[in-house]
There are 2 protein chains.
Amino acid sequence: MIRTNITIGLFGFGVVGQGLHAVLERTPGLRARIGRIAVKDRNKARSLPAELFTFDKQDLLDDPSLDVIVELIDNADEAYIIVKQALLNGKAVVTANKKMLAEHLPELIELQRSTGTPLLYEAAACASLPVIRNLEEYYDTDLLDSVEGIINGSTNYILTAMNRDGQPYADALAKAQRLGFAESNPALDVEGLDARNKLVLLLAHAFGLVTGPEELLAVGIDCLSPLATAYAREQGLAIKLVAEARRLPNGIIAAAVLPTLVAPSHELANVHDEFNGLVTQSGFADRQFFLGRGAGAFPTASAVLSDLSALTYGYRYEYKKIQQNAHLSLAPDAAEVDVLVTFEDEANVPDESDFTVVHEQLRSAQRGNYLIGTIGLGQLARATWLRLPGVCVVRLACPLRAASQAVGARPAIETELVNEISR
Amino acid sequence: MIRTNITIGLFGFGVVGQGLHAVLERTPGLRARIGRIAVKDRNKARSLPAELFTFDKQDLLDDPSLDVIVELIDNADEAYIIVKQALLNGKAVVTANKKMLAEHLPELIELQRSTGTPLLYEAAACASLPVIRNLEEYYDTDLLDSVEGIINGSTNYILTAMNRDGQPYADALAKAQRLGFAESNPALDVEGLDARNKLVLLLAHAFGLVTGPEELLAVGIDCLSPLATAYAREQGLAIKLVAEARRLPNGIIAAAVLPTLVAPSHELANVHDEFNGLVTQSGFADRQFFLGRGAGAFPTASAVLSDLSALTYGYRYEYKKIQQNAHLSLAPDAAEVDVLVTFEDEANVPDESDFTVVHEQLRSAQRGNYLIGTIGLGQLARATWLRLPGVCVVRLACPLRAASQAVGARPAIETELVNEISR
Ligand SMILES: NC(=O)c1ccc[n+]([C@@H]2O[C@H](COP(=O)([O-])OP(=O)(O)OC[C@H]3O[C@@H](n4cnc5c(N)ncnc54)[C@H](OP(=O)(O)O)[C@@H]3O)[C@@H](O)[C@H]2O)c1
Ligand SMILES: NC(=O)c1ccc[n+]([C@@H]2O[C@H](COP(=O)([O-])OP(=O)(O)OC[C@H]3O[C@@H](n4cnc5c(N)ncnc54)[C@H](OP(=O)(O)O)[C@@H]3O)[C@@H](O)[C@H]2O)c1
């Protein structure tokens, strides 16, 4: 393979854009340089010569000397326009914009096909961790059962600061923003929407399932209650914001983002601060775990760099599993989950009839109100009480499962693959 | 990219060979089938029709209908002859034979270049974990500082059985053999030689450093003493067999396989049973950790499968770093390490003058004899007392470091990359 030199048209010079510039400076081995940078604010001081900057996107998109567009802005709608036009102009694109990707994935896949131009986005899921590349390449022929992970760095940073260091929620959030981990709009992080956008990407590369973010249930950490936190502590469990996608019998995929109780023996219990972690379970390789920084200037830029490097030798996503796994579909009503629901107010209570089984409940002026039960994933997503003030939902420490298994004994949390062959 | 169908000539039908057959049966998506199998023992019963088998290697190597040779035998010398001839015959090769690879790597890299035929070996390091592929592809342009890992499944299985489950060494080893984790010759595992062979592969793909196994110090777990085990327990540390390669200042690479004390907060402390784990530390991505099964029929076969899949779309190792990092060299005399040495016999004692600093020592008929000190890595490798009966060497819980840092304060165990850029 012949490596090519590349000249980059860079959109955005914020946390990640500046990180990429710094990283490229120290990576002479990759023959890539930034030719021009488009930014928005005419009044901001810049650390690089003014002639490198422009405020007109066409200066980059129409410049034939720029081979690759790297899109690192914090506006998903504008990013979509930029990326689409770049692909149509035959310019390869690298982006970290999970919101834009999740909202337009089917069209962006089709655009890659029709234009023959690659779009890479390793930095958009788990920053430094090569999860897209691994799901795309490595499990190609393996029978993947599940992907579960902590895939939003800011919320994990906040949860760690609250639980390990005893910081109040607001302080922890402010610090995550100061350190450059949080999205410009922190609601994306704390409401679980950023994790949901990434889950859309994982679903496409893990299972070949292309779905819109709005089809996935996401509950964030913004309304975690003191009662839920106390329950977790009492049980010796950690609350983590976990995104999970799991293949259930009959070609059903269940997927959701939920605050989840995690046992100390679970790999995700060891994911601290802004780190991300992903556990994959597959038929032959069995259980694997990847841990690395999920946010920040350099870790995110390093993934952009790795995509740039991959472009220099012709790498592109093939989305093989979209064909391979055409028999799979998202069916929240065929899946169920065990949850703890806490609620403050007698007016805002969960509707018991939504639950398949209610295992335990308490209403106490002194100790608080809660309900532990099994509920269909679709039912939970539709529940109006889910978004009422003072209502907090936390998944118990067990995986999403098929609804038929509902009543009766709880399934074992982990199934271990036993080698059938021994010497 | 156009995927091709492949017909496999398979050498070996033991643990991994049978695993591969089973895995291929259940992976119709990969258009690969086994055309012929070469084995050794004419009297062994086989689970497949007799006409599939042959005892003559030329039946596979000279058969033009076989595109890919998969080499899964337990004899490194014969494997070398097979792999070499296959490449010369223009047949792509997938192998899991780390011993063969480590002993012939320079020639095998040159053969790939001169014949233009690929040789892939993901299964040879950390079985199911895609470490070679990630080191080769992902860190291409990143500044890798270190790779440290538990890369031998059998010894980790044995250490786990001994320490967590209180099993005696011999029982634990026998069980690892029964489960198919151990090499046919268990000395390769317990003497640290298998890990050393894998370290040769990691060095090539992480740092572009191609070296022979005999140039690397390897100490195994076969002579761990009760005193060392007690010391570890007292300090709340686990003894793990750790392979480490680290870039020190001035282009020096230090690398060794040593039983090592691991703190509970270290990622490798959570690697149990036959799992393998690898921690990489790099300039921008910072710290990453990969965990997965390091041995066994299916996990190993899954890595072979992933290589087969990669072959169908033209993947090959490029060994880019061999050019990029020509300025790096292995220099054990420029590195040093802190060790605990225990010894049983007054005749077999470590030579104090070999140590840069002796921090502590005890000779007690009742409590036993030990010495804790700092020693040059080259000096330790040359020490005649290292291999004397009753002598046990365990590395303390700190990384390999440059010899100049020797005297004085111990360096901090972890250096954290601090983001220089914030919003
Ligand atoms: N920060 C992280 O840790 C992280 C991790 C993974 C992925 N990401 C993703 O990376 C992207 C960038 O994040 P960030 O943290 O670097 O954001 P940021 O620090 O807020 O920077 C945003 C940059 O985009 C520029 N910009 C906004 N609208 C623009 C437009 N229409 N045209 C040109 N430039 C425009 C801004 O210009 P001005 O400089 O003129 O204001 C600014 O330079 C986002 O998609 C984010 O989701 C971030
Ligand atoms: N087991 C693991 O977990 C694991 C993990 C990673 C890598 N590996 C590597 O994978 C390879 C195979 O290991 P294994 O555990 O499968 O070994 P195994 O169970 O001992 O099987 C060895 C196979 O090789 C065959 N064989 C030996 N010499 C031969 C020759 N000259 N020509 C043709 N066939 C020959 C044997 O034939 P017969 O059947 O006739 O005896 C047997 O089928 C080794 O390189 C090992 O290091 C193993």
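Residues numbered from 1 in each chain as written. Chains lettered and ligands numbered in written order. Predicted model: local features only at pLDDT ≥ 70, side-chain atom pairs only at ≥ 80, totals over all residues. Heavy atoms only, no water.

Chain A goes by Homoserine dehydrogenase in an unreviewed UniProt entry, where it is assigned to Hymenobacter ginkgonis. Turning to chain A, the UniProt annotation filed under Catalytic activity (unreviewed entry) states: "L-homoserine + NADP(+) = L-aspartate 4-semialdehyde + NADPH + H(+)". (UniProt positions renumbered as here; feature names shortened; annotations may be inferred.)

Along the backbone of chain A there are 13 helices and 18 strands. Whereas a compact globule of 423 residues would reach a radius of gyration of roughly 22 Å, chain A reaches 22 Å, a difference of no more than 12%. Structurally, chain A occupies a C-alpha span of about 65 × 55 × 40 Å along its principal axes. Here chain A holds 423 residues, and 62% of them are scored as buried. Within chain A, counting contacts between residues at least 6 apart in sequence, those at least 24 apart form 71% of the total. Summing over all exposed atoms, chain A offers an accessible surface of approximately 15700 Å²; the carbon and sulfur share of this is 51%. Taking the average location of the 38 positive side-chain charges in chain A and that of its 52 negative ones, the two points are 5 Å from each other. (Helix = DSSP H or I, 4+ residues; strand = E, 2+ residues; numbered from the N terminus. Rg over C-alpha atoms; globule rule 2.2 N^0.38 Å. Buried < 20%, exposed > 50% of the residue type's maximum accessible area, 1.4 Å probe, protein only. Contact = heavy atoms within 4.5 Å. Areas by Shrake-Rupley, 256 points an atom, 1.4 Å probe, with all protein chains shown as cover. Lys, Arg positive; Asp, Glu negative; His and termini not counted. Charge placed at Lys NZ, Arg CZ, Asp CG, Glu CD.)

Turning to the site of ligand 1, a few remarks are in order. Taken together, 26 residues are adjacent to ligand 1, and F13, D41, K44, R46 and G296 of chain A come closest. Chain contributions to the surroundings of ligand 1 come from chains A and B. A distance of 2.9 Å is found between an oxygen atom of ligand 1 and a backbone nitrogen or oxygen belonging to K40 of chain A. At 3.3 Å from a nitrogen atom of ligand 1 is found a side-chain nitrogen or oxygen belonging to E78 of chain A. Of the residues belonging to the shell around ligand 1, the class tally is 10 nonpolar, seven polar and nine charged. (Near = heavy atom within 4 Å. Polar contact = N/O pair within 3.5 Å; in protein donor to acceptor, adjacent residues only side chain to side chain. Nonpolar A, V, L, I, M, F, W, Y, C, P; charged D, E, K, R; others polar.)

Here we come to the confidence of the model for chain A. Segments scoring low in pLDDT should not have their predicted coordinates read at a detailed level. All names here are of chain A. Per-residue pLDDT for chain A averages 91, and the proportion of residues at 70 or more is 93%. A low-confidence stretch, residues 406–423 stays under pLDDT 50, and its non-local contacts, those more than four residues away or across chains, total 40 contacts. In the predicted assembly, ipTM is 0.91 and pTM is 0.92. (pLDDT = per-residue confidence, 0-100.)

Attention now goes to the pattern of salt bridges. Residues and elements named next belong to chain A. Tallied over the entire structure, the rule returns 38 salt bridges over all chains. A salt bridge links R246 to E244; the shortest N-O distance between them is 2.8 Å. Linked through salt bridges whose partners overlap, the residues forming this network are E148, E244, R246, E267, R287 and R395. (Salt bridge = Lys/Arg side-chain N within 4 Å of Asp/Glu carboxyl O.)

All names here are of chain B. As summarised here, the arrangement of the six strands in space is β3-β2-β1-β4-β5-β6, forming an open sheet in which the pairing is parallel. At either end of the open sheet lies a strand with only one pairing partner, and these are β3 (53–54) and β6 (119–120). Pairing of strand β4 (residues 68–71) with strand β5 (residues 92–95), which is carried by four bridges, proceeds in the parallel orientation. Counterpart to E71 in the pairing with β5 is T95. Its contacts with the sheet place helix α3 (residues 76–88) against β1 (6–11), β4, β5 and β6, and it is angled at close to 170° to β4. (Pairing = 2+ DSSP bridges. Axes fitted to C-alpha atoms, helices over the stretch in contact; angles between N-to-C directions.)

What follows deals with the side chain of D354 of chain A. Residues and elements named next belong to chain A. Within the secondary structure, D354 is located in the loop between β14 (335–343) and β15 (355–364). Buried within the structure, D354 lacks any salt-bridge partner; its nearest side chain of opposite charge belongs to R382, at an N-O separation of 7.8 Å. Those residues in contact with D354 that lie beyond four places of it in its chain are I375, Q379, A383 and W385.

On to the pairing of strand β4 (residues 68–71) of chain A. All names here are of chain A. Residues V68 and V70 line one face of β4 and the alternating positions I69 and E71 line the opposite face, and both faces are buried. Taken together, the four bridges between strand β1 (residues 6–11) and β4 define a ladder with parallel strand orientation. Pairing of G9 across the sheet is with I69, part of β4. Considered for its hand, the β-α-β crossover made up of β4, helix α3 (residues 76–88) and strand β5 (residues 92–95) is right-handed. (Right-handed = clockwise from strand over helix to strand, strands pointing away.)

The next subject is the environment of E352 of chain A. Residue and element names in this part refer to chain A. Note that E352 resides in the loop between β14 and β15. Judged by its relative accessible area of 38%, E352 falls in the partly exposed class. Distance in space between the C-alpha atoms of E352 and L371 is 8.7 Å, their sequence separation being 19 residues. Leaving out residues up to four positions away in the same chain, E352 has contacts with V358, Q361, R363 and L371.

The sites that carry the UniProt feature "domain: Aspartate/homoserine dehydrogenase NAD-binding" (unreviewed entry) are, in the present numbering, residues 12–122 of chain A. Along residues 12–122 of chain A, the helical share is 41% and the strand share 17%, with 17 Å between the first and last C-alpha atoms.

A few words on the sheet that holds strand β6 (residues 119–120) of chain A. All names here are of chain A. Strand order in the open sheet formed by six strands is β3-β2-β1-β4-β5-β6, with parallel pairing between adjacent strands. Lying at the two open borders of the sheet, with one neighbouring strand each, are β3 (53–54) and β6. Sheet topology note: the β5/β6 ladder contains two bridges and is parallel. By the bridge assignment for β6, V94 is matched with L120. Strands in contact with helix α11 (residues 297–312) are β1, β4, β5 and β6; relative to β5, the strand with the most contacts, it is inclined by about 160°.

Turning our eyes to something else, we now look at the packing of helix α1 (residues 15–25) of chain B against helix α11 (residues 297–312) of chain B. All names here are of chain B. Packing of α1 against α11 leaves a shortest axis separation of 8 Å and a crossing angle of 65°. Every pair of crossing elements has a handedness; the one defined by α1 and α11 is right-handed. Contacts between α1 and α11 pair V15, V16, G19, L20, A22, V23 and L24 from the former with A297, F298, T300, A301, V304, L305 and L308 from the latter. (Left-handed = near helix turned anticlockwise from the far one by under 90°.)

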